[in-house]
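Below are the chains, spelled out letter by letter.
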Amino acid sequence: MNIQQNVSLQAFNTLGVHSYAQFMAQVSSVDEFKEVASFAKEEGLAIKVLGGGSNVVLPEAVSGLVVQFTGCQYHVLEENHDHVALRVEAGFNWHELVMFTLQQGWNGLQNLAYIPGLVGAAPVQNIGAYGVEVKEFIRVVHGVHLGSGQAFELTNDACQFEYRESIFKQALDSQTLITAVDFILSKSPVVNTSYAPLDQMAEDRGVPTPLELADWVIGVRKSKLPQPDELPNAGSFFKNPVINDAEFERLKNKFANMPHYKQTVGVKIPAGWLIDQMGFKGKAFGAVSVHKQQALVLINNGGSGGDVLAAAQAIKEAVFNEYGIALEQEPRLF
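Note that this is a predicted model, so its numbers are computed, not measured. (Residues numbered from 1 in each chain as written. Predicted model: local features only at pLDDT ≥ 70, side-chain atom pairs only at ≥ 80, totals over all residues. Heavy atoms only, no water.)

(A) Broad picture of the overall build of the protein. Of the regular secondary structure elements, the protein holds eight helices and 19 strands. A globule of 334 residues ought to have a C-alpha radius of gyration of about 20 Å, and the protein, at 20 Å, matches this closely. For the protein, the proportion of its 334 residues judged to be buried stands at 51%. Partitioning the contacts of the protein with sequence separation of at least 6, the portion at a separation of at least 24 is 61%. Taken together, the 24 basic and 35 acidic charged side chains of the protein have centroids lying 6 Å from each other. (Helix = DSSP H or I, 4+ residues; strand = E, 2+ residues; numbered from the N terminus. Rg over C-alpha atoms; globule rule 2.2 N^0.38 Å. Buried < 20%, exposed > 50% of the residue type's maximum accessible area, 1.4 Å probe, protein only. Contact = heavy atoms within 4.5 Å. Lys, Arg positive; Asp, Glu negative; His and termini not counted. Charge placed at Lys NZ, Arg CZ, Asp CG, Glu CD.)

Here it is in structure tokens:
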């Protein structure tokens, strides 16, 4: 059992904020987790789970015991000529999983290439990109309850997936450690190029293979989103808001050029467009700035988690005052 005290978390979050954990332990199995959980109980420490740190805002001091699951094995559960089902441990790097599965001829995750983070975080956020959400491929999520140490298995339906949401951000928020995820992937080369840049590329180059589509997605993401090791960031910081039809009609009359996407219920408005219209691209809010090319991205230039949240709040207030739309942030408060 390797539990360290007063650990810097700067390298464990892609925003690069300075933060220190009172205690921290990396575990690679349920048995190892039970050991550190026993220590936490004896010391009266709250357990806090940290994944790849690509979707969190850390405070300057984190009390309690920070636990990171590092197990990164996988195995095939079943396979036939149509599909493959595999169990992947939570510590497996997400992008590496996407590329590995495609190289095996197991298709489906290609639109989700180049998203930073670990497998365990994918169901929490129900990560999505370019017309695809990970919930489409998840069969079961495995983990343990932090309080009792009791193992659980949640089926896809039980995870209550929605747009950038799941039960792990709602009823089970901060109550579980995800240890593995079961995926089901297709052996057929079905591709989704509905996202505008991908659709244009398909029109110019022809229908891609799943692996080629992943390369396209990587190229698009690189052109739009800065890499955290170059400019510390947490990717898209704000969700695209969905407003009701009446609100959309009101806004359309005032902002005729506002891009929009009709949903089953309501209308989705690009958050990046709203922020861009405020003239915020490249604008600095103290130590935190809006990326000069992608208004959804906040760049941390040596600031604290509080600085990041202050910048986000200033943007939210400006957008709400102009459009009456309340933006929600994607990164979670730790």
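(B) Highlighting the pattern of salt bridges. Under the defined criterion, the tally for this structure stands at twelve salt bridges. Glu330 is paired through a salt bridge with Arg164; the nearest N and O atoms lie 3.7 Å apart. One end of the pair, Glu330, is in the loop between α8 (305-323) and β19 (332-333); the other, Arg164, is in the loop between β11 (151-155) and β12 (176-186), and 166 residues separate them in sequence. When sorted by exposure, Glu330 lands in the same class as Arg164, which is buried. Taken together, the shared-partner salt bridges in this structure form one network comprising Glu165, Lys239 and Glu328. (Salt bridge = Lys/Arg side-chain N within 4 Å of Asp/Glu carboxyl O.)

(C) Inspection of the environment of Phe23 at higher detail. Inspection of the secondary structure puts Phe23 in strand β2 (residues 20-27). Distance in space between the C-alpha atoms of Phe23 and Ser8 is 9.9 Å, their sequence separation being 15 residues. Aside from chain neighbours lying at most four places away, what touches Phe23 is Ile3, Gln4, Gln5, Phe39, Leu45, Gly64, Leu65 and Val66.

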